[in-house]
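# What the coordinates show
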Amino acid sequence: MKVSVVSPANIAFIKYWGRADHQIFLPRNNNISMTMSGCATTTTVETGNFSSDDVQVKFFEKEYTVLEKDSIKAKNIFDQIERIRDLAKSSQRVRIKSENNFPADAGIASSASSFSALTAALLLAFGLNEKFEDKVELSRQVRLCGSGSAIRSVYGGFVEFLTGHDHETSYAVQIADENYWDLVDLVAVVDPEKKKISSSECHQLADTSPYFETRIKEMQPRIDIVRQAILDRDFRKLGPEIERDSNSLHIVMMTQIPAAFYWAPGTISIMKSIMDWREDDDLQAYFTIDAGANVHVICEKKDAVEVKKRLQNNEYVKWIIENKPCAGTHIISEHLF
Ligand code: DP6
């Protein structure tokens, strides 16, 4: 049996940081995101009577390499294969190829697209089709692979990952589909290199920041405001909350022990410019940053050309990835091998 799927990355407007449960990966706070049309992972899984599992990955502008169990991420991938094989009561082995069309591990949510693609393709290849078709169940299955952001890539458009309190109650729902609102995410790439500290490791340290509990408290009203602003397509309401959430997240990261400081000079340069453009010209663009130096600049489609032009003039910007909301994880008929 051979199956291929494509899954998009997503950008969080309300960030996921810190877990209530590290075994089944329950987040401490509800988080909200938009899927990204320009950043996707394609994964092909084949099941058969092979002598062992073989996983090959191809990162942006690199060649295929065999995945070794040498990192938390790789271990999570092999654990997910084992778990889904058990779920299907199968003894078959897998051959997997997976490719990203954007830089991995640079704060562009590469694990979101890769873990959602992997989980979906495994479920289908092992014949667990009903768990793929029921998107709530698919999101639960994705959660068990350990990448929180991946859960939100299951649906297109605007998505909320609900914390819940156990496996059944922690899953993602769609707020609005990909055609609801034509927002744009311009990713200003200032540093395409792999980040030094992975989010997976960092989630465990959130509690060491004295500001973590404060963030959890102060963000609660923001979650409702962001959900409602999406439903109302109210950008002037949404934008400031996106920025506040990103700043709040980074204060926690920077005050963890040890500190996780992801910003580079280019990150700060872009943040300051965006604030100036709003103040001087009322250009409605807002920044948000994940666990990396690259800056996601969110604006409405009508302003995207102007925002992009200005970003291109920033000396630190190497290139820009343009995204609009797109469909979530889906099957494709062309295989990678
Ligand atoms: C800062 O649990 O998805 O991007 O799998 O390593 O990316 P990785 O970690 P994950 O945490 C995401 C952290 C974040 C915020 C977010 O996307 O919500």
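The shown structure was predicted, so the numbers you read here are calculated from the model rather than taken from an experiment.

Another aspect to go through is the sheet that holds strand β10 (residues 183-189). Pairing in this open sheet of four strands is antiparallel, and the strands run β11-β12-β10-β13 from one edge to the other. Each having just a single partner strand, β11 (285-288) and β13 (319-323) make up the two edges of the open sheet. When strand polarity is set aside, the average angle formed by the axes of neighbouring strands in this sheet is 25°. Where β10 meets β13, five bridges bridge the pair, whose relative direction is antiparallel. Each residue of the ladder has a partner; that of V189, found in β13, is W319. Here helix α10 (residues 265-281) sits on the sheet and contacts β10, β11 and β12 (295-300); the angle it forms with β11, its principal contact strand, is near 155°.

Taken as a whole and judged by the stated rule, the model has zero disulfides. You can see C39 has no disulfide; the closest cysteine sulfur is in C326, sitting 9.1 Å from it. Taking relative accessible area as the criterion, C39 reaches 0% and is therefore assigned buried.

According to the domain assignment, the chain consists of domain 1 (2-180 + 327-332) and domain 2 (183-323). Measuring from the centre of the C-alpha atoms in domain 1 to the corresponding centre in domain 2 gives 23 Å. Contact with domain 1, which involves 34 residues of that partner, is made by 51 residues of domain 2. Approximately 3600 Å² of surface area, both sides summed, lies buried where domain 1 meets domain 2, with 65% of it carried by carbon and sulfur atoms. Counting every contact that joins domain 1 to domain 2 gives three salt bridges. With a closest N to O distance of 2.6 Å, K15 and D290 form a salt bridge. Taken together, the connections running from domain 1 to domain 2 amount to 11 residue pairs in polar contact (both at pLDDT 80 or more). Elements with a minimum of two residues in the side of domain 1 that touches domain 2: β1 (2-14), β4 (31-48), α1 (72-87), β8 (158-161) and β9 (172-176).

Bringing the environment of R85 into the picture now. Mapped onto the elements, R85 comes out in helix α1. When the C-alpha positions of R85 and L123 are compared, they lie 8.6 Å apart, and in sequence the two are 38 residues distant. When neighbours within four sequence positions are excluded, R85 is seen to be in contact with D53, S90, S91, Q92, R93, V94 and F126. Within polar-contact distance, the side chain of R85 engages the side chain of D53 at 2.8 Å.

To continue, consider the environment of D177. For D177, the position within the fold is in the loop between β9 and β10. Exposure remark for D177: the relative accessible area of 33% places this residue in the partly exposed category. Separated by 22 residues in the primary sequence, D177 and Y155 have C-alpha atoms spaced 7.9 Å apart. With residues up to four places along the chain from it excluded, the contact list for D177 reads G156, G157 and F158. For D177, the side chain forms a polar contact with the main-chain nitrogen of N179, separated by 2.9 Å.

All right, on to the packing of aromatic side chains then. Under the defined criterion, the tally for this structure stands at six aromatic pairs. By the ring-pair criterion, three or more aromatic residues cluster together here, those being F158, W181, F235 and Y286. Positioned above the aromatic ring of F132 is the side chain of K135, whose terminal nitrogen or guanidinium carbon lies 3.8 Å from the ring centre. Cation over ring: R233 sits above Y180, and NZ or CZ is 3.9 Å from the ring centre.

With that out of the way, let us pick up the packing of helix α2 (residues 110-125) against helix α4 (residues 135-143). Interaxial distance between α2 and α4 falls to 9 Å at its minimum, and their mutual angle equals 115°. Our classification of the angle between α2 and α4 gives roughly perpendicular. Of the two elements, α2 crosses α4, and the hand of that crossing is right-handed. Seen from α2, the contacting residues are F115, S116, T119, A120 and L123; seen from α4, they are L138, Q141 and V142. Its residues assigned to classes, the contact of α2 with α4 shows five nonpolar, three polar and no charged.

What counts as what
Residues numbered from 1 in each chain as written. Predicted model: local features only at pLDDT ≥ 70, side-chain atom pairs only at ≥ 80, totals over all residues. Heavy atoms only, no water. Pairing = 2+ DSSP bridges. Helix = DSSP H or I, 4+ residues; strand = E, 2+ residues; numbered from the N terminus. Axes fitted to C-alpha atoms, helices over the stretch in contact; angles between N-to-C directions. Contact = heavy atoms within 4.5 Å. Disulfide = S-S within 2.5 Å. Buried < 20%, exposed > 50% of the residue type's maximum accessible area, 1.4 Å probe, protein only. Domains from an automatic or database assignment. Buried area = accessible area lost by both parts, 1.4 Å probe. Salt bridge = Lys/Arg side-chain N within 4 Å of Asp/Glu carboxyl O. Polar contact = N/O pair within 3.5 Å; in protein donor to acceptor, adjacent residues only side chain to side chain. Phe/Tyr/Trp six-rings, centres within 6.5 Å; stacked < 30°, edge-to-face > 60°. Lys NZ or Arg CZ within 6 Å of the ring centre and 35° of its normal. Parallel < 35°, antiparallel > 145°, perpendicular 65-115°, else oblique. Left-handed = near helix turned anticlockwise from the far one by under 90°. Nonpolar A, V, L, I, M, F, W, Y, C, P; charged D, E, K, R; others polar.

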